[in-house]
Amino acid sequence: MSPCCSSLSHLISANLTTMHTIPMISHSIAISKFPHPFSSSSSLPLSLRFTINGGGGGGPFLSYPSQKLPPFPISAPKIQSFKVLAAASVPEAKSDEPIKPADLIQTLQLGAMFGTWYLLNIYFNIYNKQVLKVYPFPATVTAFQFGFASLMINLIWSLNLHPRPNITRSQLVAILPLVVAHTMGNLLTNISLGKVAVSFTHTIKAMEPFFTVVLSSIFLGEMPTFAVVSSLVPIVGGVALASMTEVSFNWIGFATAMASNLTNQSRNVLSKKLMVNEEETLDNINLYSLITIISFILLVPFTIFLEGVKFTPSYLQSAACQGLNVRELCVRSVLAAFCFHAYQQISYGILQMVSPVSHSVGNCVKRVVVIASSVIFFQIPLSPLNTLGTGVALVGVFLYSRVKQIKPKPQTKAA
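Figured I'd write up the structure that's included with this text. None of these values were measured; they are calculated from a predicted model.

In the contact formed by helix α5 (residues 138-158) and helix α11 (residues 284-307), the axes pass within 8 Å of each other and the chain directions differ by 145 degrees. Handedness of the crossing formed by α5 with α11: left-handed. Between α5, through Pro138, Ala139, Thr140, Thr142, Ala143, Phe146, Gly147, Ala149, Ser150, Ile153, Asn154 and Trp157, and α11, the contact on the second element is made entirely by Asn286, Ser289, Leu290, Thr292, Ile293, Ser295, Phe296, Leu299, Thr303, Leu306 and Glu307. Tallied by class, residues from the contact of α5 with α11 come to 12 nonpolar, 10 polar and 1 charged.

Right, here's the structure in full:
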């Protein structure tokens, strides 16, 4: 036999040996470690695919018998080494763990959103205080802010910047208690801002964690831990110290700020208790949008009954004759309403990107920034004890947001 024929015979024999060897190894691997290759819901793991192909591209030729065999023989030692590598790499796979990419662009975007949130909140409090100083009708101001926000929400929906929700009757029933709490919370806050300094109102509103713990234990049965209760002590003590030494102290301003804490935290607790059906749960932005629109509808008749119609051209003209700058009033009212809606939208957008605890910490920092900026802008005189009380209360809020991250260890039954 010629050398050429002998070489050809040897090649055919080697290929036949390979055809008998490969399916057996593929079958043993599929049974012992992986789902059957013909199952439509399974695929070979990434480590197996790259070991087969030597790290290169292309699909695994051991998965389906319809694929062609390689044009070169594979010796038994290589197959054995492949089998060991594939088995050894499976326990180290981390495909089930969530992937957390450290995306620089996303981090910068989140930082810009936090900065914008703080800036809009500062300007809202400044413009809102300026309006309430010369226009002491908090219900009218609140209704105007809700109305302006409703126009912006419908504009966003019309331009398809955010999907319009299809609200059902059951959703509407669940939302109504939240609407009442949201309406009363904003109205009471504006009443307080009209009576006392911005810094004092926000110092009192630092008591929100206290009301959250109390209402959650009453309505949700969530008993606070010792660490949570301990963090409430500096909050209550700091607010009490700041209130005793506040220059602009007013009982109406103090009581309405406290009442706004109660209503706002009631809204948060009710949202947990009522919006429990995941199929009907709205996203945060649409939930806020619907609450704002319905709040405007509810507040308008209440405003007319409480304060009358105070935004008509005739009334503004008579007020201008008494020295009111109507143009400045309208401009600052629009700016306050814009900042009010914009910072709320950004706040809910941030809440969809970070955990509630991180959002709570950010809200604590926001309150510090608002208090400091209002003190500087309005040149509010602060005594050392007042400053100390405000600082202690804010430190307590920060501690509260931190201890909320600590999850209680599950109790193990004794053997």
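After that view of the structure, there is still more to cover.
The subject of this paragraph is helix α8 (residues 208-220). Spanning 13 residues, α8 covers 17 Å between terminal C-alpha atoms, matching the ideal 18 Å at 1.5 Å per step. For α8, the set of buried residues is Glu208, Pro209, Phe211, Thr212, Val213, Leu215 and Ser216.

Next up on the list: the side chain of Gln265. Turning to its location among the elements, Gln265 is positioned in helix α10 (residues 251-274). Of the polar contacts made by the side chain of Gln265, one reaches the side chain of Thr212; its length is 2.5 Å. Not counting residues within four places of it along the chain, the set of residues in contact with Gln265 comprises Glu208, Phe211, Thr212 and Leu215.

Among the secondary structure elements, Glu246 is positioned in the loop between α9 (226-244) and α10. Accessibility expressed as a relative area gives 8% for Glu246, which makes it buried. Sequence-wise, Glu246 and Leu385 are 139 residues apart; in three dimensions their C-alpha atoms are separated by 9.1 Å. When residues no more than four places from it in sequence are discounted, the contact partners of Glu246 are Ala197, Phe200 and Asn386. Within the structure, Glu246 has its side chain in polar contact with the side chain of Ser248 (distance 2.6 Å).

The rules we used
- Residues numbered from 1 in each chain as written.
- Predicted model: local features only at pLDDT ≥ 70, side-chain atom pairs only at ≥ 80, totals over all residues.
- Heavy atoms only, no water.
- Axes fitted to C-alpha atoms, helices over the stretch in contact; angles between N-to-C directions.
- Helix = DSSP H or I, 4+ residues; strand = E, 2+ residues; numbered from the N terminus.
- Left-handed = near helix turned anticlockwise from the far one by under 90°.
- Contact = heavy atoms within 4.5 Å.
- Nonpolar A, V, L, I, M, F, W, Y, C, P; charged D, E, K, R; others polar.
- Expected span 1.5 Å × (residues − 1).
- Buried < 20%, exposed > 50% of the residue type's maximum accessible area, 1.4 Å probe, protein only.
- Polar contact = N/O pair within 3.5 Å; in protein donor to acceptor, adjacent residues only side chain to side chain.

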